[in-house]
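# Structural overview for review
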Amino acid sequence: MAAVAHYLTPPTEVLALGLAVTGVGWITGQRASQTGRVLTGYAGVFVTEGSGRVALRGRPGQPVTAGSFFWLPPGIPHTYGPGPSGWSERWVLFEGPAAGRYEDLGYLGGGPALVVPVDRRETEAAFDRLLDLAGQPDTLARHVSGVAALHTLITTVGIETYPGSAASAGLSVLSHTRRDIGRRALEILARDAARPVSMAAVARELSVSRDTLATAVRRLTGSTPTDYLTRLRLDRAKSLLAGTDLPIAQVAGAVGYPDPSYFTRAFTRWTGVTPTAFRRQQTL
């Protein structure tokens, strides 16, 4: 067996960012297992070769194959390890309140215990970046760059389910179906954003329930369909406010708000400034 491990103690200033790397490493030819272990922080394990099993959150053990990834949340007993032939893995340890927000969005095992990275090459590149940074002198820049690499790792792993068993295969099919519904819903919302939009009508066009529509859109955007539509309209409004001299009322109508007063209230509530103040701030 060969292994490299780096353990880090982030400065308080970095912990205040909400996420910090506390360890990263790799192991080839791993044959040891962890049984009933509980961590105080988060961990992620990326199996690059070999196979085995993982179990946590009281779920039945899931088969692990090369290319799969599992997150280990703090305070949750977990058991995992390779089969008789061993496996090779990369691992990362981290902590911070931002991890909980990622879980709320379905990342970090907020869904199934085992996932397949959305992009394996980008996942490997993020690990390479973390390993490279961990080997550098201890500076504030190293820790902050490590946080950036960790965010990249989390997003490249994504929230896809792992089709390693009949149950998880069903979850995977459901995941792909919802993702397709979500993408089609976003296309419809973008198409119709400049005019009144009924979420019930969007759901009918997609032949799904409003609950299914909401779940699919939230999975892709982190927002309800209504909030996503509002953000989309406000993005367009910001471009018009910054790039044109159109009156506020015309900007409101162009992005789907026939009532300029309602537009101003919505814009102010979401951005913290009025449309007029936003336009003034963007004037060079």
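Not measured: the values here are computed from a predicted model.

This part is about the overall build of the protein. Looking only at helices and strands, the protein has eleven helices and eight strands in total. For the protein, with 284 residues in total, the buried portion stands at 43%. Put simply, 70% of the contacts in the protein that link residues at least 6 apart link residues at least 24 apart. Roughly 14,000 Å² of accessible area belongs to the protein as shown, and the carbon and sulfur atoms make up 55% of that amount. Side chains of the protein carry 29 positive and 22 negative charges; the gap between the two charge centres is 6 Å.

Here strand S6 (residues 69–72) shows no split at all, with Phe-69 and Trp-71 on one side and Phe-70 and Leu-72 on the other all buried. When S6 meets strand S8 (residues 114–115), the two strands line up antiparallel, connected through two bridges. In the sheet register, Phe-70 faces S8, and the bridge partner there is Leu-114.

With that settled, the discussion passes to the environment of Ser-88. Within the fold, Ser-88 resides in strand S7 (residues 78–95). Sequence separation between Ser-88 and Leu-131 is 43 residues, and the spatial gap between their C-alpha atoms is 15 Å. When neighbours within four sequence positions are excluded, Ser-88 is seen to be in contact with Ile-27, Thr-28, Gly-29, Phe-46, Val-47, Thr-48 and Glu-49.

The terminal C-alpha atoms of helix H3 (residues 120–134) lie 21 Å apart, and with 15 residues this matches the ideal 21 Å at 1.5 Å per residue to within 8%. Taken together, the buried positions of H3 are Thr-123, Ala-126, Phe-127, Leu-130, Leu-131, Leu-133 and Ala-134. In an axial view of H3, the angular spread of the buried residues amounts to 165°, which keeps them on one side of the axis. At its buried positions, H3 is contacted by strand S1 (2–7), strand S2 (20–30), strand S4 (42–56), S6, S7 and helix H4 (140–157). The N-capping residue of H3, defined by a side-chain oxygen 3.1 Å from the backbone nitrogen of Arg-121, is Asp-119.

A full pass over the atoms with the stated rule returns nine salt bridges. The salt bridge involving Arg-142 is made with Asp-138; its shortest N-O contact spans 3.5 Å. You can call Arg-142 buried: its relative accessible area is 8%. Overall, Asp-138 belongs to the exposed group, its relative accessible area being 56%. Here Arg-195 makes a salt bridge to Asp-192, at a shortest N to O gap of 2.6 Å. Of the residues examined, Arg-195 reaches a relative accessible area of 46% and is grouped as partly exposed. Note on Asp-192: relative accessible area 10%, which makes it buried. Linked by salt bridges that have partners in common, Arg-191, Asp-192, Arg-195 and Glu-205 make up one network.

Looking at the secondary structure, you find Arg-90 in strand S7. At 2.8 Å, the side chain of Arg-90 forms a polar contact with the side chain of Asp-128. Sequence-distant contacts of Arg-90, defined by excluding residues within four places in its chain, comprise Gly-25, Trp-26, Gly-44, Val-45, Phe-46, Thr-48, Glu-124, Phe-127 and Asp-128.

Parameters and conventions
Residues numbered from 1 in each chain as written. Predicted model: local features only at pLDDT ≥ 70, side-chain atom pairs only at ≥ 80, totals over all residues. Heavy atoms only, no water. Helix = DSSP H or I, 4+ residues; strand = E, 2+ residues; numbered from the N terminus. Buried < 20%, exposed > 50% of the residue type's maximum accessible area, 1.4 Å probe, protein only. Contact = heavy atoms within 4.5 Å. Areas by Shrake-Rupley, 256 points an atom, 1.4 Å probe, with all protein chains shown as cover. Lys, Arg positive; Asp, Glu negative; His and termini not counted. Charge placed at Lys NZ, Arg CZ, Asp CG, Glu CD. Pairing = 2+ DSSP bridges. Expected span 1.5 Å × (residues − 1). Arc of directions from axis to C-beta. Polar contact = N/O pair within 3.5 Å; in protein donor to acceptor, adjacent residues only side chain to side chain. Salt bridge = Lys/Arg side-chain N within 4 Å of Asp/Glu carboxyl O.

Read these as layout, nothing more, since geometry by itself doesn't imply function.
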